[in-house]
Amino acid sequence: MMTTDCFALMGSMGWMGWLMPLAVLLLLGLGIASLAKYLFTSHRSREDRS
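What you are looking at is a predicted structure, and each value in this text was computed from that prediction instead of being measured.

### A closer look at the overall build of the protein chain
Moving on, step 1. For the protein chain, the helix and strand inventory stands at 2 helices and 0 strands.
Moving on, step 2. The proportion of buried residues among the 50 residues of the protein chain is 6%.
Moving on, step 3. For the protein chain, the computed accessible surface area is about 4,700 Å², with 74% contributed by carbon and sulfur atoms.

Laid out in structure tokens, this is it:
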């Protein structure tokens, strides 16, 4: 029921209703990827310097 309500709302908003959730998911994914890259590469670079 929740999914059908969400799709009905997205459909009634037109292209903006499809663009905004995709943009939020894209930004969230990029944020998680950059955080993971920072966490995994910062430890290695500290070991290389010392």
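Moving on from the model shown.
### Remarks on helix 1 (residues 2–13)
Moving on, step 1. With 12 residues, helix 1 extends 17 Å between its outermost C-alpha atoms, agreeing within 8% with the 16 Å of an ideal straight helix rising 1.5 Å per residue.
Moving on, step 2. Where burial is concerned, little of helix 1 is hidden: 1 out of the 12 residues are buried.
Moving on, step 3. Just beyond helix 1, the residue with positive phi is G14, at close to 85°.

### Thoughts on a nonpolar patch on the surface
Moving on, step 1. The grouping of W15, M16, L19 and M20 at the surface amounts to a nonpolar patch, some 450 Å² of accessible area in total.
Moving on, step 2. With respect to the helices and strands, L19 occurs in helix 2 (residues 15–49).

Conventions we followed
Residue indices begin from 1 for each chain and proceed along its sequence in written order. Local features in this predicted model are restricted to residues of pLDDT 70 or higher, and side-chain atom pairs are both shown and tallied only at a pLDDT of 80 or more, whereas totals for entire chains, interfaces and linings draw on every residue. As a rule here, side-chain values cover all heavy atoms of the structure and leave hydrogens and water aside. Helix and strand assignments come from DSSP, with helices taken as H or I runs of at least 4 residues and strands as E runs of at least 2, each series counted from the N terminus. Only protein chains enter the accessibility calculation, which uses a 1.4 Å probe; a residue is then buried when its area is under 20% of its type maximum, exposed when over 50%, and partly exposed in between. Each accessible area is a Shrake-Rupley result for a 1.4 Å probe, and residues are judged covered by the shown protein chains and nothing else. One less than the residue count of a helix, multiplied by 1.5 Å, gives the span that helix is expected to have. Any residue with relative accessible area above 30% and no salt bridge may belong to a patch, with like charges joined within 9 Å and the nonpolar Val, Leu, Ile, Met, Phe, Trp and Tyr side chains within 5 Å. Any carboxyl oxygen of Asp or Glu within 4 Å of a side-chain nitrogen of Lys or Arg constitutes a salt bridge here.

Don't take any of this as a statement about function, it's just geometry.
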